[in-house]
Amino acid sequence: MNTAAELAALPDEDLMLLVANGLVEKPATELFRRHNRALFNFIAWLCQGNTAQAEDIAQRAWEKLMTRCADYQPRAAFRTFLFQIARNLWLDLRRSSPESRRAEVDETRPETPSEDLAPEAELALRQNLDRVHRALLALPANQREVVVLRFFSEMSLEEIAHTVGEGFETVRSRLRYAFTRLRRELETQA
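Residues numbered from 1 in each chain as written. Predicted model: local features only at pLDDT ≥ 70, side-chain atom pairs only at ≥ 80, totals over all residues. Heavy atoms only, no water.

### Quick look at the packing of aromatic side chains
Argument step 1. Enumeration over the complete set of coordinates arrives at three aromatic pairs.
Argument step 2. Measuring from ring centre to ring centre gives 5.2 Å for Phe42 and Phe83, while their planes differ by 15°; the resulting arrangement is stacked. Of this pair, Phe42 sits in helix H3 (residues 25-46) while Phe83 sits in helix H5 (residues 78-96); the two residues are 41 residues apart in sequence, bridging distant segments of the chain.
Argument step 3. Residue class for Phe42 comes out buried when judged on its relative accessible area of 0%.
Argument step 4. With 5.5 Å between their ring centres and 70° between their planes, Phe151 and Phe179 make a pair best called edge-to-face. Highlighted residues: Phe151 in helix H8 (residues 141-152) and Phe179 in helix H10 (residues 168-189), separated in sequence by 28 residues.
Argument step 5. The exposure class of Phe179 is partly exposed, given its relative accessible area of 31%. (Phe/Tyr/Trp six-rings, centres within 6.5 Å; stacked < 30°, edge-to-face > 60°. Helix = DSSP H or I, 4+ residues; strand = E, 2+ residues; numbered from the N terminus. Buried < 20%, exposed > 50% of the residue type's maximum accessible area, 1.4 Å probe, protein only.)

Shown next as structure tokens:
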């Protein structure tokens, strides 16, 4: 099983088991292709937009995944396993470096579609995106984390609970509190 089409048809867990059994390059490349963007986005939100720090953590997460591949057991979704590694790296960095908590925020914003938008509509869309971005960054880290996992990484509540090491009800409560805070913050910005 070496063709790209055959590998692309396999679920993540099977690809990771191939990596764990010594067939590394092609299955790992396919996993990277599938998950690197979502992993980076998740970490970038945790790092409050510090893209350099997010890139470093994402790279270290992939490295750690490759060094721990023999330990992989498909008990949970592969993505949950990968995100948990990245989250633990972020937590370690946060605990060990007080400066990292005060790191300067990268001011890059998500791109807005400009095709077929009137200039006024594009301006309104950009302003709304900026408001949402600021409101998300203002959330406490544990609330921001569950919002990002749920809506940007499209994880189920069960996957989020497994990733962050908390119970289902705790994750649900964090989401509820996050939405209450977001609503309040966006109303005050209006």
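### Focus on unusual backbone geometry
Argument step 1. The backbone of Glu154 shows a phi angle near 55°, a positive value even though the residue is not glycine.
Argument step 2. Glu154 gets classed as exposed once you look at its relative accessible area, which sits at 62%.

### Notes on the confidence of the model for the chain
Argument step 1. The share of residues in the chain with pLDDT of 70 or more is 82%, and the mean pLDDT across the chain is 80.
Argument step 2. Helix H6 (residues 98-101) is the least confidently modelled element of the chain, averaging 52 in pLDDT, while helix H4 (residues 51-67) averages 92, the highest of any element.
Argument step 3. Below a pLDDT of 50 lies the segment residues 100-115, which in the model reaches 25 contacts outside its immediate sequence neighbourhood of four places, other chains included. (pLDDT = per-residue confidence, 0-100. Contact = heavy atoms within 4.5 Å.)

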